[in-house]
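What follows is each chain in one-letter form.
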Amino acid sequence: MNRGSEGPVIPNTGYPQQASSAAAQQLSPAFPARAAWGTAGHLRQWQAEAVNQYLSSGATDFLAVATPGAGKTTFALRVAVELMGAGIVQKVTVVCPTEHLKGQWADAAARVGIHIDPAFSNAQGRAGTHFDGVAITYAQVAANPSVHAMRTRAFKTLVIFDEIHHAGDALSWGAGIEQAFGHATRRLSLTGTPFRSDSARIPFVTYAEDDEGIRRSRADYSYGYSQALADGVVRPVLFLSYSGSMHWRTRAGDEVVARLGEPLTKDLMKQAWRTALDPHGQWIPAVLAAADQRLSQVRRTVEDAGGLVIASDHNSARAYARQLRLITGQAPTLVISDDSRASEKIDEFRTGTSRWMVAVRMVSEGVDVPRLAVGVYATNASTPLFFAQAIGRFVRARKRGETASIFIPSVLELLELAEHMEVERDHALAQAGEEMDEDVIALRDATAQEQASDDLLPGFEALGAEAQFDRVLFDGASFGTGADVGSVEEQEYLGIPGLLDPEQVTTLLRARQAEQAKTQRRQASARAAREENADIPLHRQRALKRKELSNLVSTWARRSNTSHAIVHAELRRRCGGPEVARASTEQIDARITMLRDWFIGKF
């Protein structure tokens with residue numbers, strides 16, 4: 001490496017920036033223009049810092065951990081541009097989890113002048129000389145590591161491991177990349193979730209023992225969700241959870257009724273969860289309808305906003321797609337792994353404006369569809385890895401104020417993951433001296449599971465499921481106290497504007513919760529009044545209540561300089577029910593209580 005050559009120098013490194021690479025010519029340096037939002041020609045602040053740290057380190061191996069949606073691809077390609085421009089590497093190899101991501105990487109690289117072959121096969125042995133590198137999958141490397149080892153030895157190569165945690169998915173995958181890329185000039189490992197559901201070692205990652213004797217992964221650069229949210233790089237995420245009554249028959253023939261979200265044994269919780277996701281019950285249609293209503297609200301300000309339903313298996317995905325068609329009148333995009341056009345469908349949805357896509361797992365990790373703004377988590381996968389990657393599909397921000405809304409079942413595991421979404425995690429290996437079961441190491445994570453639910457609990461039968469709005473979780477806090485589907489309370493949360501900063505989201509949720517609490521107090525007061533007046537004939541009660549309401553409306557209209565009709569219309573909107581002439585005593589009581597609250601709050 002000749003640091004004495006002429007030409008501009010990469011900041012803080014001493015490395016020359018040579019013009020020999022087409023990539024270096026097409027992507028101008030971002031330093032010192034470091035804006036959190038950046039533009040097409042500039043890096044975000046974290047990307048610029050990470051590039052600078054990488055180039056300064058001169059390390060063979062480098063692990064960058066950045067929350068999904070932060071822009072790891074842009075960071076890695078900038079590193080490739082700098083290394084190729086400085087003559088440190090000649091070729092680039094990108095290793096990723098899925099076939100679809102190969103094309104996505106090739107497209108992104110082409111925009112900065114690096115030409116990647118996503119169609120390279122093991123049978124070829126060598127890539128065409130007109131390509132700067134190849135994009136391959138972990139499975140492809142494991143199938144024939146020697147092919148890739150030969151290519152890596154032939155050229156000074158930068159290997160980019162996309163979502164490096166997948167290298168531990170199987171013994172052959174980890175061993176394969178070690179054999180294939182052990183002699184690489186540089187290795188850059190990327191992940192948005194630096195943890196696994198097991199303790200399988202991740203190759204080329206440094207582990208350090210903590211105070212408890214547990215060896216944990218050590219990142220060279222980290223950029224978490226909370227940092228990205230503060231910078232406006234990712235969207236704030238609202239989790240709308242739904243509970244409800246579940247009814248099922250066990251394989252032993254016993255019928256069980258339980259409420260989703262209440263304390264249950266692990267087995268009962270899983271069975272209640274599965275009952276909720278049953279396409280023939282009422283829980284899924286109610287939640288899909290609510291999610292579509294939320295999507296309509298978001299599309300008022302984000303016209304191309306799209307939604308994604310993540311299903312457990314192919315049969316459920318098809319059933320959910322049919323239900324969405326009934327709800328919206330439009331056929332959603334259905335993406336399942338045995339469809340030869342799956343990648344093409346994802347691309348069409350990404351660039352289009354249609355409302356919904358339904359998928360099993362092909363869109364759970366790495367796939368970039370920035371317009372996704374509403375999601376339905378209709379899968380029984382509960383590992384932190386799968387959950388984080390799935391939610392990562394919705395957090396990619398395009399402009400300030402965009403929010404993401406994810407509908408989830410009120411399952412304790414999911415609620416805890418939603419509440420601690422911003423918490424940083426590291427991958428932990430077994431403690432020193434602890435034996436590790438090879439079956440556990442070889443076990444695939446939930447992202448690799450696509451088995452039908454019937455295979456998990458033979459003889460199980462879902463008999464019925466009803467949905468109820470439970471709460472909203474945002475920024476580690478919970479808002480709302482439960483409401484019926486279709487109620488005014490639920491509508492208030494579904495109608496939250498689609499463009500809000502995180503602080504505005506918190507303020508609005510607090511206001512919604514306060515209003516809901518007032519409504520519940522009004523309902524309790526109305527019930528108490530009914531009990532108190534139980535001996536008075538109903539028609540007399542109603543006449544007295546109508547007179548009291550009329551007096552209150554007249555007073556409020558006069559003091560607020562508003563017409564009687566507008567006051568009555570607002571009361572009906574907030575409390576529900578018909579006009580006063582046809583309203584029940586209970587509905588009139590609710591309006592009286594609301595008006596009293598208005599007087600207390602304003603006068």
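What comes next concerns the included structure. Computed from a predicted structure; not experimentally measured.

**Let's talk about helix 14 (residues 412-419)**
And step 1. Along helix 14, the residues classified as buried are Leu414, Leu415, Leu417 and Ala418. Axial view of helix 14: buried residues confined to an arc of 160°, hence all on one face.
And step 2. On its buried face, helix 14 is in contact with strand 10 (237-249), helix 9 (266-276), strand 15 (372-378), helix 13 (384-391), strand 16 (404-409) and strand 18 (468-474).

**Notes on the sheet that holds strand 4 (residues 133-137)**
And step 1. Read from one edge to the other, the open sheet built from seven strands follows the order 3-4-2-5-6-1-9, with strand pairing classed as parallel. At either end of the open sheet lies a strand with only one pairing partner, and these are strand 3 (116-117) and strand 9 (221-223).
And step 2. Pairing geometry for strand 2 (residues 91-96) and strand 4, over five bridges, is parallel. The partner of Thr93 across the bridge, within strand 4, is Val134.
And step 3. Docked against the sheet, helix 3 (residues 72-85) engages strand 1 (61-66), strand 2, strand 5 (157-161) and strand 6 (186-191), running at close to 170° with respect to strand 6.

**Some points on the nonpolar core**
And step 1. Within the largest apolar cluster, 129 residues are counted, with the highest numbers of intra-cluster contacts made by Phe75, Trp283 and Phe407.
And step 2. Those residues in contact with Phe75, other than ones at most four positions away along the chain, are Trp46, Gln47, Ala50, Val51, Phe62, Ala64, Leu188 and Leu190.
And step 3. Val147, Phe161, Ile164 and Trp173 belong to the second-largest nonpolar core, a separate cluster that totals 22 residues.

**Digging into the environment of Thr152**
And step 1. Note on placement: Thr152 falls in helix 6 (residues 145-154).
And step 2. Aside from chain neighbours lying at most four places away, what touches Thr152 is Thr157, Ala180, Phe181, His183 and Ala184.
And step 3. A polar side-chain atom of Thr152 sits 2.7 Å from the main-chain carbonyl oxygen of His148.

**Section: the pairing of strand 12 (residues 306-311)**
And step 1. The element strand 12 is largely enclosed, with a buried count of six among its six residues.
And step 2. Across the two faces of strand 12 the burial is the same, with Gly306, Leu308 and Ile310 and Gly307, Val309 and Ala311 all buried.
And step 3. In this structure, strand 12 lies alongside strand 15, joined through six bridges in parallel fashion. Across the sheet, the residue bridging to Gly306 is Leu372, located in strand 15.
And step 4. Summarising the sheet, strand 12 and strand 14 (residues 356-359) pair through four bridges and their orientation is parallel. Among the inter-strand pairings, Val309 is bridged to a residue of strand 14, identified as Val358.

**Details of unusual backbone geometry**
And step 1. Located in the positive-phi region is Phe204, a residue other than glycine, with phi close to 65°.
And step 2. With respect to the helices, strands and loops of the structure, Phe204 is situated in the loop between strand 6 and strand 7 (207-209).
And step 3. Even without a glycine there, the phi angle at Asn561 is positive, about 55°.
And step 4. On the secondary structure map, Asn561 appears in the loop between helix 18 (538-560) and helix 19 (564-575).
And step 5. With a relative accessible area of 72%, Asn561 lands in the exposed category.

**Side note on the pairing of strand 14**
And step 1. The side-chain alternation of strand 14 yields two buried faces, one formed by Trp356 and Val358 and the other by Met357 and Ala359.
And step 2. For the crossover that starts at strand 13 (residues 333-335), traverses helix 12 (residues 342-351) and ends in the parallel strand 14, the hand is right-handed.

**Thoughts on the pattern of salt bridges**
And step 1. Within the structure shown, the criterion is met by 19 salt bridges.
And step 2. For the salt bridge of Arg249 with Glu255, the shortest nitrogen-to-oxygen distance reads 3.1 Å.
And step 3. Among the residues examined, Arg249 registers a relative accessible area of 25% and is labelled partly exposed.
And step 4. Residue Glu255 is classed as partly exposed on the basis of its relative accessible area of 48%.
And step 5. Linking Glu570 and Arg574 is a salt bridge whose minimum nitrogen-to-oxygen distance equals 2.6 Å. Of this pair, Glu570 and Arg574 both sit in helix 19, separated by four residues, roughly a single helical turn.
And step 6. The class for Arg574 is partly exposed, based on a relative accessible area of 24%.
And step 7. Each of Glu492, Arg512, Glu570, Arg573 and Arg574 takes part in one network of salt bridges that share partners.

What counts, and where the lines are drawn
- Residues numbered from 1 in each chain as written.
- Predicted model: local features only at pLDDT ≥ 70, side-chain atom pairs only at ≥ 80, totals over all residues.
- Heavy atoms only, no water.
- Buried < 20%, exposed > 50% of the residue type's maximum accessible area, 1.4 Å probe, protein only.
- Helix = DSSP H or I, 4+ residues; strand = E, 2+ residues; numbered from the N terminus.
- Arc of directions from axis to C-beta.
- Contact = heavy atoms within 4.5 Å.
- Pairing = 2+ DSSP bridges.
- Axes fitted to C-alpha atoms, helices over the stretch in contact; angles between N-to-C directions.
- Core = buried A, V, L, I, M, F, W, Y, C linked by side-chain atoms within 4.5 Å.
- Polar contact = N/O pair within 3.5 Å; in protein donor to acceptor, adjacent residues only side chain to side chain.
- Right-handed = clockwise from strand over helix to strand, strands pointing away.
- Salt bridge = Lys/Arg side-chain N within 4 Å of Asp/Glu carboxyl O.

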